[in-house]
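Spelled out from the first residue to the last, the chains are:
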Amino acid sequence: MLNFTVGPVMCSEEIRAVGGEQVPYFRTSEFSDVMLENERLMLKYAKAPEGSKAVFMTNSSTGSMEAVVMNCFAESDKVLIIDGGSFGHRFVELCEIHDVPHEVLKLDHGQKLTEEHLYEYNGQAFTGLLVNIDETSTGVLYDSEMIGEFCKKNGIFYVCDCVSSFLADPFNMAHCSADVMITGSQKVLACPPGISIIVLAPRAVERVVNAKVKSMYFNLADALKNMERGQTPFTPAVGILRQINTRLKEIEEAGGADAEVARVAAQAEDFRRKISDLPFEFVSESPANGVTPIHPIHADAYRIFEILKDEYGIWICPNGGDMKHTIFRVGHIGCLTHEDNTTLINALHDLHKRGILK
Ligand SMILES: *Cc1c(COP(=O)(O)O)cnc(C)c1O
């Protein structure tokens, strides 16, 4: 199998080897050391400001999006949600479920967020902003610095879902003044799904500690308190946390966060260059590095996904909802090489020859 989806992605051999080991008991100083090292490296790679904390949640990243909405906002807030695709829309649904007053800045699929869009909401007493820095459904990268500037001017609490963007696109949490950063184990961290990480800047730590949350599992103050000694309130996905530890150290050895971002960018660039003579259109106005959404001009996107899977052993990433038949995505994250890109391109050329791609 050759996997070009956006998660779960291909894992390195080292990560898979750790997955084959016995899972140890975790209320030990040894496991606490692993967790504290995970926190240290996560804060470093997120370029989080002094005094930031990380919590490791055993849930997919949607669970962390929900936890952040529940722990950081209340009925007294008024939040702005950037909704340019299915992940932006998920924040809208979460705010509806949890009665957080909100307005939606809606963008078309693939549309870039500009200052003009954003500043229509200037000076309107917003208290929070929720954005998916890479709106993975359309591969649009939003400008975290530009949004941060807007939030600073308006005194807005700034939440970045970097689930597919962390370690794929440049991100500096301290510099863009983000209060919260969310990511997950199965995207650029290239581990199995099951763990999501929330990085909290000092202002977010303060907010979380003082929040009144009607939830046991999603109580982030409890998670923070346990994390002081490298622990979690409940049994975490111990095996995946050990794989994350291996992966974070692997990134360190390969030159750190910037080197990983450069690697993903080169992987994307190589693919976009190789695909340019096929009958496709790019979808995104400001493409993120992690994924390339593609519109086949004269073919059904979902059919291409199925044929590649069933006849070539190659997984690209289908889209859902109203984009199912018009857009498929090719991921550039995980343990992939430029040769893997060539294998996929050759398969697409073959589809072209067979008349499936016109
Ligand atoms: C993958 C992803 C998520 C989380 O999806 P889960 O299925 O809950 O892991 C959230 N936001 C973005 C931008 C993503 O790419």
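Residues numbered from 1 in each chain as written. Predicted model: local features only at pLDDT ≥ 70, side-chain atom pairs only at ≥ 80, totals over all residues. Heavy atoms only, no water.

### Details of a nonpolar patch on the surface
Right, on to step 1. A cluster of nonpolar side chains, namely Met216, Tyr217 and Phe234, defines an oily patch on the protein surface of about 320 Å² accessible area.
Right, on to step 2. Note on placement: Tyr217 falls in the loop between helix H7 (202–209) and helix H8 (220–227).
Right, on to step 3. Tyr217 sits in the partly exposed class, given a relative accessible area of 37%. (Patch = residues over 30% accessible without salt bridge, like charges linked within 9 Å, V, L, I, M, F, W, Y side chains within 5 Å. Areas by Shrake-Rupley, 256 points an atom, 1.4 Å probe, with all protein chains shown as cover. Salt bridge = Lys/Arg side-chain N within 4 Å of Asp/Glu carboxyl O. Helix = DSSP H or I, 4+ residues; strand = E, 2+ residues; numbered from the N terminus. Buried < 20%, exposed > 50% of the residue type's maximum accessible area, 1.4 Å probe, protein only.)

### What about the site of the ligand?
Right, on to step 1. Taken together, 13 residues are adjacent to the ligand, and Ser60, Thr62, Thr136, Asp161 and Lys187 come closest.
Right, on to step 2. Residue Ser60 places a side-chain N or O atom 2.4 Å away from an oxygen atom belonging to the ligand.
Right, on to step 3. Within the side chain of Gln186, an N or O atom sits 2.9 Å from an oxygen atom of the ligand.
Right, on to step 4. Burial of the ligand by the protein chains amounts to 88% of its free accessible area of 380 Å².
Right, on to step 5. Elements represented by at least two residues in the shell around the ligand include exactly helix H3 (61–72) and helix H4 (86–97).
Right, on to step 6. The dominant element in the shell around the ligand, judged by the number of residues it contributes, is H3, at 3 residues. (Near = heavy atom within 4 Å. Polar contact = N/O pair within 3.5 Å; in protein donor to acceptor, adjacent residues only side chain to side chain.)

### Observations concerning H7
Right, on to step 1. For H7, the set of buried residues is Ala204, Val205 and Val208. Each buried residue of H7 sits inside an arc of 105° when the element is viewed along its axis, so together they form one side.
Right, on to step 2. In this structure, the buried residues of H7 make contact with strand E2 (53–57), H3, strand E8 (157–161), strand E9 (180–184), strand E10 (196–200) and H8. (Arc of directions from axis to C-beta. Contact = heavy atoms within 4.5 Å.)

### Concerning the packing of H7 against H8
Right, on to step 1. The geometry of H7 relative to H8 is characterised by a closest axis approach of 8 Å and an angle of 115° between their N-to-C directions. As H7 runs across H8, the sense of the crossing is left-handed. On the side of H7, the interface is formed by Val205, Val208 and Val209, while H8 contributes Leu220, Ala221 and Leu224.
Right, on to step 2. Across the contact of H7 with H8, the residue classes tally to 6 nonpolar, no polar and no charged. (Axes fitted to C-alpha atoms, helices over the stretch in contact; angles between N-to-C directions. Left-handed = near helix turned anticlockwise from the far one by under 90°. Nonpolar A, V, L, I, M, F, W, Y, C, P; charged D, E, K, R; others polar.)

### Here we look at the nonpolar core
Right, on to step 1. Within the largest apolar cluster, 63 residues are counted, with the highest numbers of intra-cluster contacts made by Leu129 and Tyr158.
Right, on to step 2. Of all the elements, helix H2 (residues 29–46) adds the most residues to this core, at 8 residues.
Right, on to step 3. Ignoring anything within four residues of it in the chain, the contact list for Leu129 reads Leu80, Ile82, Leu118, Ile147, Phe150, Cys151, Ile156, Phe157, Tyr158 and Val159.
Right, on to step 4. If you look at the next biggest cluster of nonpolar residues, it comprises 32 residues, including Val55, Phe73, Ile81 and Ile182. (Core = buried A, V, L, I, M, F, W, Y, C linked by side-chain atoms within 4.5 Å.)

### Here's the deal with the sheet that holds E8
Right, on to step 1. Here we have 7 strands laid out as an open sheet, ordered E2-E10-E9-E8-E5-E3-E4, and mixed in their pairing. Two strands bound the open sheet, and with one partner strand each, they are E2 and strand E4 (102–106). Pairs of neighbouring strands in the sheet enclose a mean axial angle of 15°, with direction left out of account.
Right, on to step 2. As judged from the 5 bridges shared by E2 and E10, these two strands associate in the antiparallel manner. Note that in E10 the partner of Lys53 across the bridge is Leu200.
Right, on to step 3. Contacts from H2 reach E2, E9 and E10 within the one sheet, and its direction differs from that of E2 by about 120°.
Right, on to step 4. Sitting on the sheet, H8 is in contact with E2 and E10, with an inclination near 110° to E2. (Pairing = 2+ DSSP bridges.)

### Considerations on the domain arrangement of the protein
Right, on to step 1. According to the domain assignment, the protein consists of domain 1 (13–253) and domain 2 (256–353).
Right, on to step 2. The straight-line distance from the C-alpha centre of domain 1 to that of domain 2 is 26 Å.
Right, on to step 3. Across the contact, 23 residues belong to domain 1 and 22 residues belong to domain 2.
Right, on to step 4. When the buried area of domain 1 at its contact with domain 2 is split by residue, His109, Leu167 and Ala168 rank highest and sum to 21% of it.
Right, on to step 5. Run the count over domain 1 and domain 2 and you get 2 salt bridges.
Right, on to step 6. The salt bridge involving Asp258 is made with Lys47; its shortest N-O contact spans 2.6 Å. (Domains from an automatic or database assignment. Buried area = accessible area lost by both parts, 1.4 Å probe.)

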